[in-house]
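The chain contents come next:
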Amino acid sequence: MADRTKLWIAEKMKKLMKKKPIDKIRITEICQAAEIERSTFYYHFKDKYELVAWIFFQSAERTNILDRHDAAEAMKQMKNDLLFYKRAFEDTSQNALWQYMLEYFAAKYVELAKVMSGMEVLDTQLLFSIRLFCYGAVGMTREWVLQDNLTSAETIVEMMFASMPESLKRVYFKAD
């Protein structure tokens, strides 16, 4: 039931974001659109930024970030929801989507590196390389959504994978 309610609220937020940017949307509007009480909203989300991040996470959780095809499909989905992602990426508040994305992908890559390397603790240089790559990938994704109407999702993903530091490639793609 809780997931259905979250999905309902998310759907209404996406509709509101087609009309105006996040900073112009109030919790009251979200509640009115979803026909819920404020307490219901706050039961599920701490604020509208967490709601936007949750929408992103629904797609991200289904994506194998080390698979080029899967990553390209996720990027295509962003283009399919272009107005939502444009509005989300235009927001530069302290709770901006790109910050949630950075932390999500950095944690995901760290988790994968631990599993694939068999190490419980990663060295400082590897952790730095992961964060650097994630900053670049998230930044370029943001730029692609906001400004690039020509480059395909497949090309963007190929360029990201090609730009991955060799130290990370050795961890994630040993057999390649």
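Scroll up a little and you will see the structure.
Going along each chain's sequence as written, the residues are numbered from 1 onward. Only residues with pLDDT of at least 70 are given local features in this predicted model, and only at 80 or more are side-chain atom pairs given and counted; all residues enter the totals for whole chains, interfaces and linings. Excluded from the side-chain calculations are hydrogens and water; all other atoms, namely the structure's heavy atoms, are used.

Visitor: In this structure, what is going on with empty space enclosed by the protein? I would like to understand it.
Guide: Over the atoms, a rolling probe the size of a water molecule traces out where space has been left empty. With a 1 Å grid spanning the protein atoms alone, the term cavity applies to any set of points in which a 1.4 Å probe fits but cannot get out, the term pocket to an open set with protein on both sides within 12 Å along at least five of seven lines, and the term lining residue to any residue with an atom within 4 Å of a point. Grid points are joined across faces, edges and corners, and a volume is the space filled by probe spheres set on the points. Inspection of every chain in the model, using the stated rule, returns 1 cavity of 30 Å³ or more. Approximately 350 Å³ is the volume found for the largest cavity. Of all the elements in the fold, those that place two or more residues in the lining of the largest cavity are helix H4 (48–60), helix H5 (68–80), helix H7 (97–117), helix H8 (124–147) and helix H9 (153–163). Each helix is a run of DSSP H or I of at least 4 residues and each strand a run of E of at least 2, with the numbering of both proceeding from the N terminus. The greatest single-element share of the lining of the largest cavity, amounting to 5 residues, is contributed by H8. A breakdown of the residues in the lining of the largest cavity according to their chemical character gives 19 nonpolar, 3 polar and no charged. Basically, the charged four are Asp, Glu, Lys and Arg, the nonpolar ten are Ala, Val, Leu, Ile, Met, Phe, Trp, Tyr, Cys and Pro, and anything else, Gly included, counts as polar.

Visitor: Help me understand the environment of tyrosine 100, please; the structure alone is not making it clear to me.
Guide: For tyrosine 100, the position within the fold is in helix H7. In this structure, tyrosine 100 is in contact with Lys46, Asp47, Tyr49, Glu50, Ala53, Phe57 and Asn95, ignoring residues within four places of it in sequence. Any two residues whose heavy atoms approach within 4.5 Å at even a single point are treated as in contact.

The quantities given are spatial measurements derived from coordinates; they are silent on function.
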